[in-house]
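# Per-entry structural report
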Amino acid sequence: DCERLTFFPKLNETHPIMEDHHSPVTPTPCSSAQDCPDIRIILQELHPQEEVKAKMGVVMVSGLTVTEGVLLFGKESLLLCEGFTLSPTGDVCCRKHHPSSVRDAFISTMLTKEPISGKCRRWLYDDIKEAFFMRFLLEDSAIEIFMKNGHSAFLVFLNRDHVSAYKRLCSVVSALKGRCVSEVIANARKTSVVEKAVLLKWQKGEISNFEYLMHLNTVAGRTYNDLMQYPVFPWILADYHSETLDLSNPATFRDLSKPMGAQTEKRRQMFMERYAEVEKSEAEGDLSAQCHYCTHYSSAIIVASFLVRIEPFSHTFQTLQGGFDIPERMFYNVKKEWESASRDNMGDVRELIPEFFYLPDFLLNSNNIHLGSMEDGTEISDFRRFSSFHRQALESDYVSSHLHLWIDLIFGYKQQGPAAVESMNTYHPYFYAQRDRQNPKDPIIRNIMLGYVSNFGQIPKQLFTKPHPPRSGSKKEAPPLSHPIPFFFKLDKLKTTAQPFKDSTHNATLSLELRRGPVGQIVCLEKEVVVLERNCLLLSPLLGCFFSWGFPDNSCAFGNHATGKIFAVFEGLSDWGETLCAASPNPTTVVTAGTSTVVCVWDITVEKDKVTCMRLRQLLYGHTDSVTCLAASEVHNLIVSGSRDLTCILWDMEDFSYITQLTGHTASISSLAINDLTGEIASCAGPLLYLWNMKGQLLSRSQASFGPLPHILCVGFTQHHEWDPRNVIVAGCADGIIRIWKTEYTRTQLPGPPEEPVSPASEPSRQEGWERHLVLCKELSRRQSASPRRYKNSPGVTALAISRSHATLVAGDAWGRVFTWTCE
């Protein structure tokens, strides 16, 4: 059963506490030494008025990297100092001048052996989104902190003061206020708080299966930061033979009511016999425990083997295995992995990881890592298109109506106890957190237990002690409200009206008054649709504040949209030439660019019709000609800038660094858009539309047809569900026509050997791949409902927006008019 796994650390050794042999016998706290460069790193992050309220020693976990550090609580921010330790007197010292404060022998062996330079990250309390109690090595001693920008930190507290740390966080972080008592009580009872509101949202279909599973994983202590507790997702497909899959056929799917060890009757009988053969043992250190499975459905090596084609997991896999495995035992075929985990291999009961449902990159060897070749010559490299369809399957009606049965096995009442035995769902006792086994007296036995856990995995926290309710909910609940049909589901039924439109889906009134110039931006809010003219940008929907530029003196202004009144003017923007474009990823940030070729990032603070701050935060250099358009996404921490030099540049909004260029455009870039759900980027140059991923790889490009084509002036994505293949890209063109593209995959022949071994009796076949294509599927023109003579010189479509219900497409033109398209 353990043939494919490597133990770390060695289980037959007792590990002493690590010592720093370079440390002096009586170390001097380097916090009092002015010449310590690492201490100066912390001092540089501390603001002049900052006051440290508390200091705590922690261990930071990220993948296989475990480093010692210090957590500092300031007045307005949290400082996470990596490569530091606390002396016995409470002084902050760097690890170069002071020995480790970690007294746990097993955790000491996990600390990184590489020299660590001091690092310090400063997080404002207002930027903290969430925090959860977590386990580390089955012990309740950790907290995971989540930031609004998507970052997170997994912190293990050395002196078991995670409860006091959580209480302090709840007292200073506005997002956590009011949660402290319930979370602390639940942590003391070794349970987790599952918000009923989230469960109800899932039952009503307001959040997806993927979102709900991620929520359960997080609350149950599963995290991307710890490979031993990586989020776990179910195998859902059982049919890997059919050319096309029918998602309405139950035979397509795995039996979600049974664990992987009971997917076939023969396999089920074998595990039952194993369970009956072993008598239950209460002796410490006895590996021959009564259970169905001695391995686990999630572990560090399982995660690394799935993600071996991308870094840092390629390096992680080699670290755990001492190099790559023989090709036949590497992950190279989803079908074969399913057969191994569900039928063939008694030591394999793996479930899946979230990446199978959203990250196609992990199935592609884009880094050209040499993984070897099979005996028949088949190279282990790329997979075919899979994750998009796999996500559709996860959100299918069948999985939605049966997913609660799998939740019972992993997070619910069938996780342990008599219900687990009856369901063929028991694992080795070491995988479970139990108080009577957390601190055995014999250090060797403790190392055996923790080594077993670090190799084979851990059972998540139990979230439910009763059967989980199904997706449909109880009969007492009101039936879900009918949702309007997204406009792109029935493109042939789209109609427009010449009269002012009232959106019946959310009673939002559209302003269709004639404006002074072309429409520049349309924003669909909860109860209204805001229309702004060219060179205007809505910053704060709640305050109705807009930012405007393009004045003769190259200044900029701030005003109130409801009144149209300008309340602040800023002349510092003129230092950067003529501003041609702007974007706002959030209400406190504005990105501007223009003839200077420099992209400027500004910090903005607006309070009650008053600008209290407009500070230049960062300059981004990279273009060689005027920057003509910008797009920004706070979800993906991404800025994209397009220029007359025919290039787009991707910038990381976290540290304002250059990522890559989007090259190959044949004209000046006229419009950009970022899909917040998928991260895909649309760029328009002349009449052509380009589709890219966040790594700068071209996914597809629209084909130029015969004859001249109008230039594209604006572009946007529909974002109904990220897995829905019916989503489209909408573009407004200079000829007044809205053009809609969909993406399609077509098979293509690739050079190389076939994916499956070829028998001597069969003829060799060429390897097949998939290509993505942009297909023009609809052209919307208002000329069909008006006199052709009137539209002889049609105004270009300059702005687009999609209602929150996706039922309405809103468009503005160069004459300042706004019109809508909806299904009949």
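The present account deals with the structure reproduced in this document. (Residues numbered from 1 in each chain as written. Predicted model: local features only at pLDDT ≥ 70, side-chain atom pairs only at ≥ 80, totals over all residues. Heavy atoms only, no water.)

### Section: the packing of helix α5 (residues 196–203) against helix α6 (residues 209–219)
The cut-off we apply is this: To obtain an axis, a line is fitted to C-alpha atoms, over the contacting stretch when the element is a helix, and the angle between two such axes runs from 0 to 180 degrees between their N-to-C directions. By the criteria applied, helices consist of DSSP H or I runs no shorter than four residues and strands consist of E runs no shorter than two, each listed in order from the N terminus. In these notes the angle categories are as follows: under 35 degrees is roughly parallel, over 145 is roughly antiparallel, 65 to 115 is roughly perpendicular, and the rest is oblique. Two helices crossing with the near one rotated counterclockwise from the far one by less than a right angle form a left-handed crossing, whereas a clockwise rotation gives a right-handed crossing. Here a residue-residue contact requires only that any non-hydrogen atoms of the pair lie within 4.5 Å. Under the scheme applied here, ten amino acids are nonpolar (Ala, Val, Leu, Ile, Met, Phe, Trp, Tyr, Cys and Pro), four are charged (Asp, Glu, Lys and Arg), and all others, including Gly, are polar.
Interaxial distance between α5 and α6 falls to 10 Å at its minimum, and their mutual angle equals 155 degrees. It follows that α5 is roughly antiparallel to α6 by the angle criterion. For the element pair α5 and α6, the recorded crossing hand is left-handed. For the pair α5 and α6, contact is made by Val198, Leu199 and Trp202 and by Asn209, Tyr212 and His215, respectively. Partitioned by chemical class, the residues of the contact of α5 with α6 number 4 nonpolar, 2 polar and no charged.

### Quick look at the environment of Asn554
Selection rule: Burial classes follow relative accessibility: with a 1.4 Å probe on protein chains only, a residue under 20% of its type's maximum area counts as buried, one over 50% as exposed, and anything between as partly exposed.
Tracing the sequence through the fold places Asn554 in the loop between β16 (545–548) and β17 (556–560). On the basis of relative accessibility, which here comes to 23%, the residue Asn554 falls in the partly exposed class. The sequence separation of Asn554 and Gly572 amounts to 18 residues, and the corresponding C-alpha distance is 8.9 Å. Every residue in contact with Asn554, bar those within four places of it in the chain, is listed here: Leu573, Ser574, Gly577 and Glu578.

### Things to note about unusual backbone geometry
Among all residues save glycine, negative phi is the norm, and among peptide bonds the norm is trans. Going from Glu311 to Pro312, the amide bond is cis rather than trans, its omega being 5 degrees. You will see that Met424, though not glycine, has its phi angle at about 60 degrees, which is positive. Take Met424: it is sitting in the loop between α13 (418–422) and α14 (443–456). The buried category is assigned to Met424, whose relative accessible area is 3%. If you check the backbone angles, Phe656 has positive phi at about 55 degrees while not being a glycine.

### Points about the pairing of strand β32 (residues 729–733)
Applicable threshold: Strands were regarded as paired on the criterion that DSSP finds at least two bridges between them.
With 5 of 5 residues buried, β32 is to be regarded as a mostly interior element. Side chains Ile729, Ala731 and Cys733 of β32 all project onto a buried face; the interleaved residues Val730 and Gly732 project onto the opposite face, where all are buried too. For strand β31 (residues 712–717) and β32, the ladder comprises 5 bridges, and the chain directions are antiparallel. Considered in β32, the bridge of Val715 is made with Ala731.

### A look at the pattern of salt bridges
We apply this condition: Put simply, a salt bridge is a Lys or Arg side-chain nitrogen that is within 4 Å of an Asp or Glu carboxyl oxygen.
Tallied over the entire structure, the rule returns 25 salt bridges. With a closest N to O distance of 3.2 Å, Glu722 and Arg391 form a salt bridge. Pair noted here: Glu722 is in the loop between β31 and β32 and Arg391 is in helix α11 (residues 387–394), with a separation of 331 residues, a long-range link. A relative accessible area of 35% places Glu722 in the partly exposed class. Bridged by salt links that share partners, the residues Lys335, Glu339, Arg343 and Asp344 form one connected network.

### Side note on the pairing of strand β7 (residues 128–136)
With respect to burial, β7 is a largely interior element, 8 of its 9 residues being buried. When β7 meets strand β8 (residues 139–147), the two strands line up antiparallel, connected through 8 bridges. Bridging across to β8, Phe133 finds its partner in Ile143. Remark: 2 residues form the turn of the hairpin made by β7 and β8, two consecutive strands paired antiparallel; Leu137 in that turn has positive phi of roughly 55 degrees.

### What about α5?
Heads up, the condition is: In this context, the arc is that of the directions from the helix axis out to the C-beta atoms.
Considered for burial, the residues of α5 that qualify are Val198, Leu199, Trp202 and Gln203. Seen from one end, α5 has its buried residues packed into an arc of 140 degrees, which puts them on one side. Check the buried side of α5 and you find it contacts α6 and α12 (397–410). Immediately downstream of α5, the backbone of Gly205 shows phi near 80 degrees, a positive value.

### Some remarks on the sheet that holds β16
Across the sheet, 4 strands lie side by side as β15-β16-β17-β18; this open sheet has antiparallel pairing. The open sheet is flanked by β15 (536–540) and β18 (565–570), the only strands paired with a single partner. Mean inter-strand twist for the sheet, computed between neighbouring axes without regard to direction, equals 30 degrees.

### So, the nonpolar core
Inclusion rule: Residues grouped as a nonpolar core are buried Ala, Val, Leu, Ile, Met, Phe, Trp, Tyr and Cys residues, joined through side-chain atoms within 4.5 Å. Boundaries of every domain are those given by an automatic assignment or by a domain database.
By size, the foremost hydrophobic cluster in this structure holds 92 residues, and its most contacted members are Phe136, Tyr212, Phe356, Trp406, Ile407 and Phe411. Split by domain, the residues of this core number at least three in each of domain 1 (34–191) and domain 2 (202–430). Residue contacts for Phe356: discarding those within four places in its chain leaves Phe306, Phe331, Val334, Phe362, Phe386, Ser387 and His390. Leu155, Ala165, Tyr166 and Val184 belong to the second-largest nonpolar core, a separate cluster that totals 27 residues.

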